There are 2 protein chains.
Amino acid sequence: MAQQDRAIRTRRLILEAAASVFDEQGYDRATIAEVLERAGMTKGALYFHFASKEQLALAVLEEQVLDIAVEPQKIKLQEFVDSGQVLAFRLRSDPIQRGAARLAVEQGSNHLDRKQSMLSWTRFVVGMLNEARDRGEILDSIVVQESAELFVGAFAGLQMMSQALTNRADLNRRLTIFFQHTLPSIAVPAILARLNLDAERGAQLDAALQGKALANAEADADAGVVAD
Amino acid sequence: MAQQDRAIRTRRLILEAAASVFDEQGYDRATIAEVLERAGMTKGALYFHFASKEQLALAVLEEQVLDIAVEPQKIKLQEFVDSGQVLAFRLRSDPIQRGAARLAVEQGSNHLDRKQSMLSWTRFVVGMLNEARDRGEILDSIVVQESAELFVGAFAGLQMMSQALTNRADLNRRLTIFFQHTLPSIAVPAILARLNLDAERGAQLDAALQGKALANAEADADAGVVAD
């Protein structure tokens, strides 16, 4: 394995370990020592990538948004729905998503700026809704920034509720109900009628994305290509 | 002041002190000692009402729902909207509401069942929506339990976002946007056209309710009646 490739893997392993500690302990109670133990790494390896607990947390929050990339769709709003369903599904088991969700929700710490997560998700949704607008998919009355912030804020609460009540087992279904209540106020009728809001879509898309990532990694390995 | 009346006031003072400590410190870091100091009370007075920190927290969560009672309206959905706007407004300054909100959101503690708050708010919303259904105000397609849970979960997230970004200064406005996006999928058109979703309504209703409570208290004092 090339040196750069190894560094990328080490960084990801540290982030996953940190995210799982944040998920279980919260930011305040999480310690670098526990992250090291879980990742099976030395202090030197961790500090090469991250200078502090705060930097670890911020990196987990950044990684969360990068991880959610779904297949392009003819209808941009479908891509938006799909991103939400994949995120909802991964919040059940993906350590990065779970850790980031807890960091984004906690009121506790003064050291960590909780706004980061909300602002980066809002940018993500604004980008999608603006493209949907360019394609004529959403109603003229919609103020993209307002709707985007509503989606981000409401989603944070729904995932919290789902976590408390069912350890997020029903989060995809809650998201479907949310889309059913809000998209009729956002999408033009002809688009609304073509959207697939199924709660099962999260699991299906995740499986397809994982399969594709695996195939790409194998192709890269065969060609001797270093992942970047 | 009659003994019973004094006990009620003491209990309320303790709850307000506890709620403000929970709001600032979170459940795990809150201590009985700090609650006592803030309330200016002795241990004996507190333990007469509450056996433990957990009981204090549960009492704050119960008090939160009891505190939100708005004037009856011809349109039940207006009463529902009004309750939301009053709650959103009070989350800025009312210690009980602020403390309860943090308790409801925190993932931290194993000792406190976060579900309690969500379940009692859900019951509150289900009651309102069922009455709205009886009056013919909501669409046949609506499943009351689903919509109620959506409102409770999404509201929790919106208040969290508003708190992180503006210390809840824009929460009433965020709630208006939420109602604008969801009520068209819930209310029958003739009712939808008559709803007042103004963000300023929270402050106005709160002032009216406070004025009425004050007038009642004065009338009771004049008549020598003990509040119950």
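Conventions we followed
- Starting afresh in each chain, residues are numbered from 1 along the sequence in its written order.
- Ligands are numbered from 1 and chains lettered from A, in the order in which they are written.
- The predicted nature of this model means local features are confined to residues of pLDDT at least 70 and side-chain atom pairs, given and counted, to a pLDDT of 80 or more, with totals for whole chains, interfaces and linings taken over all residues.
- Calculation of side-chain values draws on the structure's entire complement of heavy atoms; hydrogens and water are dropped beforehand.
- All copies are superposed by least squares; the fitting set is the C-alpha atoms of residues with a pLDDT of at least 70 in both.
- Contacts are residue-level and defined by heavy atoms, with any inter-residue pair within 4.5 Å sufficient.
- Each helix is a run of DSSP H or I of at least 4 residues and each strand a run of E of at least 2, with the numbering of both proceeding from the N terminus.
- What counts as buried area is the accessible surface, traced by a 1.4 Å probe, that two parts surrender upon association, with contributions from both included.
- Any Lys or Arg side-chain nitrogen located within 4 Å of an Asp or Glu carboxyl oxygen qualifies as a salt bridge.
- Distance and chemistry together define a polar contact, namely a pair of N or O atoms within 3.5 Å, with one atom able to donate a hydrogen and the other to accept it when in protein, and with adjacent residues in sequence counting only for side-chain atoms on both sides.
- Here the nonpolar group is Ala, Val, Leu, Ile, Met, Phe, Trp, Tyr, Cys and Pro; Asp, Glu, Lys and Arg are the charged ones; every other residue, Gly included, is treated as polar.
- Structural elements are reduced to axes, namely lines fitted to C-alpha atoms, with helices fitted over the stretch in contact, and the angle between N-to-C directions of any two is expressed from 0 to 180 degrees.
- These descriptions rest on fixed angle ranges, namely under 35 degrees for roughly parallel, over 145 for roughly antiparallel, 65 to 115 for roughly perpendicular, and the rest for oblique.
- Rotating anticlockwise by less than a right angle from the far helix to the near helix defines a left-handed crossing, while the corresponding clockwise rotation defines a right-handed one.
- For the purposes of this section, nonpolar cores are sets of buried Ala, Val, Leu, Ile, Met, Phe, Trp, Tyr and Cys residues that join through side-chain atoms within 4.5 Å.
- Throughout this description, buried means an accessible area under 20% of the type-specific maximum (1.4 Å probe, protein chains only), exposed means over 50%, and partly exposed covers the range between.
- Pairs were defined over the aromatic rings of Phe, Tyr and Trp, the Trp ring being its six-membered one, requiring ring centres within 6.5 Å. Orientation was assigned from the angle between planes: stacked under 30 degrees, edge-to-face over 60, tilted for the rest.
- Geometrically, a charge over a ring is one whose NZ (Lys) or CZ (Arg) sits within 6 Å of the ring centre while staying within 35 degrees of the ring normal.
- UniProt positions are given in the numbering used here, feature names are shortened, and annotations may be inferred rather than shown by experiment.
- pLDDT is a residue-level measure of predictor confidence that goes from 0 to 100.

Draft legend 1. Layout of the relation of the copies chain B and chain A. Mapping chain B onto chain A leaves a residual RMSD of 0.0 Å; the transformation is a rotation of 180° accompanied by 0.0 Å of translation along its axis. These values place the two chain copies in the arrangement generated by a two-fold rotation axis. When the interface residues of chain B are mapped onto chain A, 100% of them again fall at the interface, so both copies present the same face.

Draft legend 2. Up close: the side chain of A:Q159. Within the secondary structure layout, A:Q159 lies in helix 8 (residues 144-166). Non-local contacts of A:Q159, meaning those with residues more than four positions away in its chain, are made with A:L91, A:A101, A:V105, A:R168 and A:L171.

Draft legend 3. Expanded view of the interface of chain B and chain A. Across the boundary between the two partners, chain B contributes 39 residues, which contact 39 residues of chain A. The junction of chain B with chain A conceals about 3,400 Å² of combined surface from both sides, 60% of it contributed by carbon and sulfur atoms. Counting the contacts that link chain B with chain A gives six salt bridges. The residue B:R29 makes a salt bridge to A:D28 at a minimum N-O spacing of 3.3 Å. Taken together, chain B and chain A are joined by 10 residue pairs in polar contact (both at pLDDT 80 or more). Within the residue set of the side of chain B that touches chain A, elements represented by two or more residues are helix 1 (3-29), helix 6 (95-105), helix 7 (115-134), helix 8 (144-166) and helix 9 (171-182) of chain B. Among the residues making up the side of chain B that touches chain A, the classes are represented as 17 nonpolar, 11 polar and 11 charged.

Draft legend 4. Inspection of the packing of helix 7 of chain B against helix 8 of chain B at higher detail. All names here are of chain B. Relative to each other, helix 7 and helix 8 sit at 130°, their axes nearing to 8 Å. The pairing of helix 7 with helix 8 is recorded here as oblique in orientation. The interaxial crossing formed by helix 7 with helix 8 has right-handed handedness. Packed against helix 7, whose contacting residues are M118, W121, T122, V125, V126, L129, N130 and R133, the element helix 8 presents V144, Q145, S147, A148, E149, F151 and V152 at the interface. Residues of the contact of helix 7 with helix 8, tallied by class, amount to nine nonpolar, four polar and two charged.

Draft legend 5. Layout of the nonpolar core. Membership of the largest hydrophobic core comes to 90 residues, with the highest contact counts inside it found for A:L77 and B:L77. Discounting chain neighbours no more than four positions away, the residues touching B:L77 are B:L129, B:A132, B:E137, B:I138, B:A187, B:I191 and B:L195.

Draft legend 6. Fine view of the packing of aromatic side chains. Within this structure, the stated rule accounts for 14 aromatic pairs over all chains. Seen in terms of ring centroids, A:F151 and A:F179 are 6.1 Å apart; in terms of plane orientation they differ by 50°. Their pairing is tilted. Of this pair, A:F151 sits in helix 8 while A:F179 sits in helix 9 (residues 171-182), and the two are 28 residues apart along the sequence. For the pair A:F151 and A:F179, a shared accessibility class is recorded, and that class is buried. Arranged with centres 4.8 Å apart and planes meeting at 80°, the rings of B:F80 and B:F151 form a pair that is edge-to-face. Note that B:F80 is positioned in helix 5 (residues 76-90) and B:F151 in helix 8, a separation of 71 residues in sequence. Per residue, the accessibility class of B:F80 equals that of B:F151, and both read buried. An aromatic cluster of at least three residues, connected via ring pairs, comprises A:F80, A:F151, A:F178 and A:F179. Directly above the ring of B:Y27 sits B:K53, whose terminal nitrogen or CZ lies 4.6 Å from the centroid.

Draft legend 7. Expanded view of the UniProt feature "DNA-binding region" (unreviewed entry) in chain A. The positions that UniProt labels "DNA-binding region" (unreviewed entry) are, in the present scheme, residues 31-50 of chain A. Helix makes up 75% of residues 31-50 of chain A and strand 0%, and the two end C-alpha atoms of the span are 13 Å apart.

Draft legend 8. The arrangement of the confidence of the model for chain A in detail. Averaged over every residue, the pLDDT of chain A is 88; the share at 70 or more is 94%. In the predicted complex, the global pTM is 0.85; the interface-specific ipTM is 0.84.

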